[in-house]
Amino acid sequence: MQKERLQKYAELIIKCGLSVQKGQEVIIRCGLDQPDFVAMCVEECYKRGAERVKVEWSYMPVTKLNYNYRSLETLSEFTAVEKAEWERKVEKLSCLLWLDSDDPDGLNGTDSEKISKANQARFPFIKPYRDAVENKYQWCIAAVPGKEWAKKIYPDLETEQAVEKLWEDILLCSRVDGDPIKAWEKHNENLAKHCAVLNGYKFAKLEYKSENGTDFTVGLNPKGIFMGGGENALGSNIYYNPNIPSEEVFTTPMRGIADGKVVATKPLSYQGKLIENFWIRFENGKAVEVYAEKNQELLEKMVSMDEGAAYLGEVALIGYNSPINNTGILFYNTLFDENASCHLALGRGFNNCLENYENYSVEECEKLGVNSSMIHVDFMIGSADMDIVGVTADGKRVQIFKNGNWAI
Ligand code: ZN
């Protein structure tokens, strides 16, 4: 890939995505796939005045060895080093960039039960720190191609060609060509317009129907607002874009109101494994029945990680006619697939999707119906024939989506 195009991409991620400010600390999490690109991002951070940039490299085969060979006890440990790192994050509100290049099948052959148990054991130690920084720091997820990921999408190409092709896809979907910063300003304006229209209606619920069997109603939070594109970090008002790419407008649903069946329209990569051809049935907000042709057990485990894992934390709307979906590629990666299709998420909701959320504590947000959980997992339900109707508290019905695309 040409250096100049990658340079523009690095600039986009650091300026517009993470929006690094003078004097800030930055943590970059990444694999070993694109070290030169990681170095470009590090340099951009320093050029923007970052005080310290820390890169946390990982390598999935090693992660896998750790999961396989270590005992549940050592995997569950919350070490003094981690504690100190979290304390620093809370103190510095470090920016966090995740450059995802993971192999979607990279953790096949690991024990999901052991991984889930370890995560459950660690969560109570992590939660207070996570709550303390929530919405206050800038973060961004963007992608770079990894060899295994590229081969998963393009199995017939030689590895090098597959990686190059995936670079092209990533840069296209991230609007990197031309003037990316301007393109993102325009894009953010468009997303804000959709949010404004939806917020004007104050819908109490959304009804979904599709020929694939989806017949589903979800309640929206009375204080909820739809958001999309960039957002402001609480306290500092620094405007940043948490996802590159991003096509969605989303909100936090009302915990306890969701009924009917949703059929997934894309496979879901969870804990390094793919859950395929699945559906979930909800009653009173809770996932009460799940079915998957592949990895059903993993799906069952996912919805029972904790009490909130069976409840919804996100409702997101994306036209079927989105630039990512129009590539016709199944990315096997949530960042891309979620931005190609209407989706829901099981688990943790978004406090910052409540109006004036800064006035509420984390506990108050939970009381107001924002779901709490250690997981937040998006799954895709958009289809070419999907109809969505918004229903207001006084029963007014508005068609929001017609045949998979925006109708308002
Ligand atoms: Zn989403």
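Here, the structure is the one placed above.
Residues numbered from 1 in each chain as written. Predicted model: local features only at pLDDT ≥ 70, side-chain atom pairs only at ≥ 80, totals over all residues. Heavy atoms only, no water.

A short note on the packing of helix H1 (residues 3-17) against helix H2 (residues 35-47)
At a minimum axis distance of 9 Å, the contact between H1 and H2 shows a crossing angle of 50°. The pairing of H1 with H2 is recorded here as oblique in orientation. Two packed elements cross with a definite hand, and for H1 against H2 that hand is right-handed. Contacts from Lys-3, Leu-6, Gln-7, Tyr-9, Ala-10, Glu-11, Ile-13 and Ile-14 of H1 reach H2 at Phe-37, Met-40, Cys-41, Glu-44 and Cys-45. The residue inventory of the contact of H1 with H2, partitioned by class, reads 9 nonpolar, 1 polar and 3 charged. (Axes fitted to C-alpha atoms, helices over the stretch in contact; angles between N-to-C directions. Helix = DSSP H or I, 4+ residues; strand = E, 2+ residues; numbered from the N terminus. Parallel < 35°, antiparallel > 145°, perpendicular 65-115°, else oblique. Left-handed = near helix turned anticlockwise from the far one by under 90°. Contact = heavy atoms within 4.5 Å. Nonpolar A, V, L, I, M, F, W, Y, C, P; charged D, E, K, R; others polar.)

Observations concerning the environment of Ala-264
Inspection of the secondary structure assignment puts Ala-264 in the loop between strand S11 (253-263) and strand S12 (268-270). The spatial distance from the C-alpha of Ala-264 to the C-alpha of Thr-214 is 8.5 Å, given a sequence separation of 50 residues.

Some words on the packing of H1 against helix H8 (residues 159-173)
In the contact formed by H1 and H8, the axes pass within 11 Å of each other and the chain directions differ by 45°. In terms of their interaxial angle, H1 and H8 are classed as oblique. Crossing of H1 against H8: the hand is left-handed. Contacts between H1 and H8 involve Arg-5, Leu-6 and Tyr-9 on the former and, on the latter, Trp-167, Glu-168, Ile-170 and Leu-171. Split into classes, the residues belonging to the contact of H1 with H8 amount to 5 nonpolar, no polar and 2 charged.

Considering the sheet that holds strand S10 (residues 249-251)
Ordered by their spatial adjacency, 5 strands build an open sheet running S7-S10-S15-S16-S17, and the pairing between neighbours is antiparallel. Two strands close off the open sheet at either side, each with one partner strand: strand S7 (227-228) and strand S17 (376-380). Pairing analysis gives 3 bridges linking S10 to strand S15 (residues 312-317), with the strands arranged antiparallel. Looking across to S15, one finds that Val-249 is bridged to Leu-317. Contacting S7, S10 and S15, helix H9 (residues 180-201) crosses the sheet at an angle of about 45° to S10. (Pairing = 2+ DSSP bridges.)

Some remarks on the coordination of the zinc ion
Four donors placed tetrahedrally about a metal ideally form angles of 109.5 degrees, and six donors placed octahedrally ideally form angles of 90 or 180 degrees. Within the protein, Glu-248 (OE), Glu-314 (OE), Glu-338 (OE) and His-343 (NE2) serve as the donor atoms for the zinc ion, at 2.0 to 2.6 Å. Angles of 80 to 159° at the metal separate the 4 donor atoms of the zinc ion, which places the site in the irregular class. For the zinc ion, all donor residues lie on one chain, and their spacing in sequence is E-x65-E-x23-E-x4-H. With a gap of 95 residues between them, Glu-248 in the loop between strand S9 (239-240) and S10 and His-343 in strand S16 (residues 343-347) connect regions that are remote in the sequence. Just as Glu-248 is buried, His-343 falls in that class too. (Donors = N, O, S within 2.8 Å, 3.2 Å for Na, K, Ca; no water. Tetrahedral: all angles 85-135°; square planar, octahedral: opposite > 155°, others 65-115°. Buried < 20%, exposed > 50% of the residue type's maximum accessible area, 1.4 Å probe, protein only.)

These figures capture arrangement, not role.
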